[in-house]
Amino acid sequence: MNRIATISIIVEHSEDENIKQINELLHEYQDVILGRMGLPDRTHKVNIISVALCADENMINALTGKLGRIDGITAKTLYSKNSY
């Protein structure tokens with residue numbers, strides 16, 4: 001069963017390699033991504049990315065885990081209560 005979820009990503013080290021890894025992962029999961037939004041916070045020198053997706057929990061957890069293993073990246077997931 002699929003769930004709707006959002007992954008919140010905070011990028012504290014905006015190095016080219018980190019951004020490239022994030023974009024490659026999001027491209028790999030493009031079939032389940034409903035949309036994404038990025039907000040640069042120049043005051044604090046961080047970027048905030050929100051990704052909405054619909055997929056099974058294992059796939060969502062895999063993406064969140066892969067994102068969280070990138071240096072300078074924090075990723076957390078929020079799930080809907082219902083399955084689809």
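Treat the numbers as computed from the prediction; the structure is a model and nothing was measured.

1. Comments concerning helix α2 (residues 57–68)
With 12 residues, α2 should cover 16 Å at 1.5 Å per step; its first-to-last C-alpha distance of 16 Å lies within 8% of that length. The set of residues buried in α2 consists of I60, L63, T64 and L67. The buried side chains of α2 occupy one side of the element, clustering within an arc of 95° when seen end-on. The backbone nitrogen of N58 has a side-chain oxygen 3.0 Å away, supplied by the residue at the start of α2, namely D56.

2. Quick look at a negative patch on the surface
A surface patch of negative charge is lined by E15, D16, E17, E24 and D71. Tracing the backbone through its elements, the reader meets E24 in helix α1 (residues 16–28).

3. Digging into a nonpolar patch on the surface
On the surface, I10, M37, L39 and I48 cluster together into a nonpolar patch covering about 330 Å² of accessible area. Along the chain, M37 falls in strand β2 (residues 33–41). Looking at M37, the relative accessible area reads 47%, which means it is partly exposed.

4. Focus: the environment of E57
Residue position: E57 is located in helix α2. With 55 residues separating them in the primary sequence, E57 and N2 have C-alpha atoms 6.9 Å apart. Setting aside its immediate chain neighbours within four residues, E57 contacts R3 and Y79. Among the polar contacts made by the side chain of E57, one reaches the side chain of R3 at a distance of 2.8 Å.

5. Thoughts on the pairing of β2
For β2 and strand β3 (residues 46–56), the ladder comprises 8 bridges, and the chain directions are antiparallel. Bridge assignment links P40 to a residue of β3, and that residue is N47. Linkage of β2 to β3, two consecutive antiparallel strands, is achieved through a turn of 4 residues, within which K45 is found at a positive phi near 60°.

6. Considering the pairing of β3
Of the pairings in the sheet, the one linking strand β1 (residues 2–11) to β3 comprises 10 bridges and is antiparallel in character. Bridging from a neighbouring strand, I10 pairs with I48 of β3.

7. With respect to the confidence of the model for the protein chain
In the predicted model, the protein chain carries a mean pLDDT of 95, and 100% of its residues have values of at least 70. Per-element mean pLDDT across the protein chain ranges from 93 in α1 up to 98 in α2.

About the criteria used
Residues numbered from 1 in each chain as written. Predicted model: local features only at pLDDT ≥ 70, side-chain atom pairs only at ≥ 80, totals over all residues. Heavy atoms only, no water. Helix = DSSP H or I, 4+ residues; strand = E, 2+ residues; numbered from the N terminus. Expected span 1.5 Å × (residues − 1). Buried < 20%, exposed > 50% of the residue type's maximum accessible area, 1.4 Å probe, protein only. Arc of directions from axis to C-beta. Polar contact = N/O pair within 3.5 Å; in protein donor to acceptor, adjacent residues only side chain to side chain. Patch = residues over 30% accessible without salt bridge, like charges linked within 9 Å, V, L, I, M, F, W, Y side chains within 5 Å. Areas by Shrake-Rupley, 256 points an atom, 1.4 Å probe, with all protein chains shown as cover. Salt bridge = Lys/Arg side-chain N within 4 Å of Asp/Glu carboxyl O. Lys, Arg positive; Asp, Glu negative; His and termini not counted. Charge placed at Lys NZ, Arg CZ, Asp CG, Glu CD. Contact = heavy atoms within 4.5 Å. Pairing = 2+ DSSP bridges. pLDDT = per-residue confidence, 0-100.

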